[in-house]
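# Examination of the molecular architecture
Each chain is listed here by its residues.
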Amino acid sequence: MITAITHRPSSKLTECNLTFLPKSQIDLKLALDQHKVYCQTLEDLGIKVITLTENSSMPDSVFVEDTALVLDEIAIITSMGASSRKPESALIENTLKEFRNTERISPPARIDGGDVLRLGKKLFVGNSTRTNKKAVRALHKLVSPYGYEVIRVKVSDCLHLKTGCSSLDDNTILINPDWINRDSFKEFKQIEVPVDEPFAGCVLRVGDTVLMHSGFKRTIKLVEKYGFNVRPIDISEFQKAEAGITCMSIIFEAD
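Rules and cut-offs
- Residues numbered from 1 in each chain as written.
- Predicted model: local features only at pLDDT ≥ 70, side-chain atom pairs only at ≥ 80, totals over all residues.
- Heavy atoms only, no water.
- Helix = DSSP H or I, 4+ residues; strand = E, 2+ residues; numbered from the N terminus.
- Rg over C-alpha atoms; globule rule 2.2 N^0.38 Å.
- Buried < 20%, exposed > 50% of the residue type's maximum accessible area, 1.4 Å probe, protein only.
- Contact = heavy atoms within 4.5 Å.
- Polar contact = N/O pair within 3.5 Å; in protein donor to acceptor, adjacent residues only side chain to side chain.
- Pairing = 2+ DSSP bridges.
- Patch = residues over 30% accessible without salt bridge, like charges linked within 9 Å, V, L, I, M, F, W, Y side chains within 5 Å.
- Areas by Shrake-Rupley, 256 points an atom, 1.4 Å probe, with all protein chains shown as cover.
- Salt bridge = Lys/Arg side-chain N within 4 Å of Asp/Glu carboxyl O.
- Lys, Arg positive; Asp, Glu negative; His and termini not counted.
- Charge placed at Lys NZ, Arg CZ, Asp CG, Glu CD.

### Some thoughts on the overall build of the chain
- From N to C terminus, the chain includes six helices and 15 strands.
- Computed over its C-alpha atoms, the radius of gyration of the chain comes to 17 Å, within 12% of the 18 Å expected for a compact globule of 255 residues.
- Reported as C-alpha extents along the three principal axes, the dimensions of the chain are approximately 45 × 40 × 35 Å.
- Across the 255 residues that make up the chain, the buried fraction comes to 56%.
- Nonlocal contacts in the chain, meaning residues at least 24 apart in sequence, comprise 68% of its contacts between residues at least 6 apart.

So this is what it looks like as structure tokens:
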């Protein structure tokens, strides 16, 4: 069964880490409501949702994607680039141990799950402010025995690889080429986000459905024009925290 690990937004969400965005006022009540809709939407699409609460003292704990990379064969606990987030990992590792054997990437290697885009047996890894070259090498060592290829991608002016690109299907990438080196995805069809919606490249595939932030109206129309089934949901308060729609879940196939 497809399973998603999520975490209820912390009451300290307004203290979240920001790198490229200025601080703006986050409506915590609205964020909680939006997170409930996010989880309900995953459930509506047939996913079993596990919502954790134990990391509630940590401002960024809702963004569980960064804590781990879950493959079919193994779960890898990341060494996150923001030192303040490192305590989040213990809870996620304990939860994932129910489903996978776990391994760790350790400092000085630094990597966030938001910098890893999986397409089949290829793992595209953003070389961003949160993920370094040592982590790319460490990840390669862990996953190569299972037949995965690790490909480093240059990321500029945005937090993570998936801030600027994500997959619409196994052959199509939605991308902001101002932030992501598009040459790394030459084998894929590329759809560019409109210049006035630079953050719209982060979408979440769930089966044949593509979840997108409802505020990216031009990009939604563009993606629908290419024949994709889009389900818009509002994550405006998490956008203020420099997050995208993939950030709030770790989705994997469970036995």
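### Looking at the environment of Glu73
- Looking at the element boundaries, Glu73 is found in the loop between β3 (68-70) and β4 (75-77).
- Look at Glu73 and you get partly exposed, because its relative accessible area is 30%.
- With 73 residues separating them along the chain, Glu73 and Tyr146 place their C-alpha atoms 7.5 Å apart.
- In contact with Glu73, not counting residues within four places along its chain, are Arg100, Lys121, Tyr146 and Tyr148.
- A distance of 2.8 Å separates the side chain of Glu73 from the side chain of Tyr148, its partner in a polar contact.

### Notes on the pairing of strand β7 (residues 122-127)
- In terms of residue burial, β7 counts as a mostly covered element, since five of its six residues are buried.
- What sits between the antiparallel neighbours strand β6 (residues 116-119) and β7 is a turn of two residues, in which Gly120 has the positive phi angle 65 degrees.
- Relative to strand β8 (residues 149-154), β7 is paired through six bridges, and the arrangement is parallel. Counted as the bridge partner of Lys122 is Glu149 from β8.

### Focus: the pairing of strand β9 (residues 165-169)
- The buried count for β9 comes to four of five residues, which makes it a mostly enclosed element.
- Pairing analysis gives four bridges linking β9 to strand β10 (residues 172-175), with the strands arranged antiparallel. What sits directly across from Cys165, in β10, is Ile175.
- In sequence, β9 turns back onto β10 through a hairpin of two residues.

### Remarks on a positive patch on the surface
- A contiguous patch of positive charge, built from Lys133, Lys134, Arg137 and Arg152, is present on the exposed surface.
- The biggest single contributor to the positive patch is helix α3 (residues 133-143), with three residues.
- Position of Arg152 among the secondary structure elements: in strand β8.
- Given the relative accessible area of 43%, Arg152 is considered partly exposed.

### With respect to the pattern of salt bridges
- One pass over the full model with this rule turns up 14 salt bridges.
- The salt bridge involving Glu93 is made with Arg104; its shortest N-O contact spans 2.9 Å. In this pair, Glu93 sits in helix α2 (residues 89-96) while Arg104 sits in strand β5 (residues 102-104), placing the two residues 11 residues apart along the sequence.
- For Glu93, a relative accessible area of 12% gives the class buried.
- For the salt bridge of Glu192 with Arg182, the shortest nitrogen-to-oxygen distance reads 2.6 Å. With Glu192 in strand β11 (residues 189-192) and Arg182 in the loop between β10 and β11, the pair connects residues that are 10 residues apart, well separated along the chain.
- Judged by its relative accessible area of 29%, Arg182 is partly exposed.

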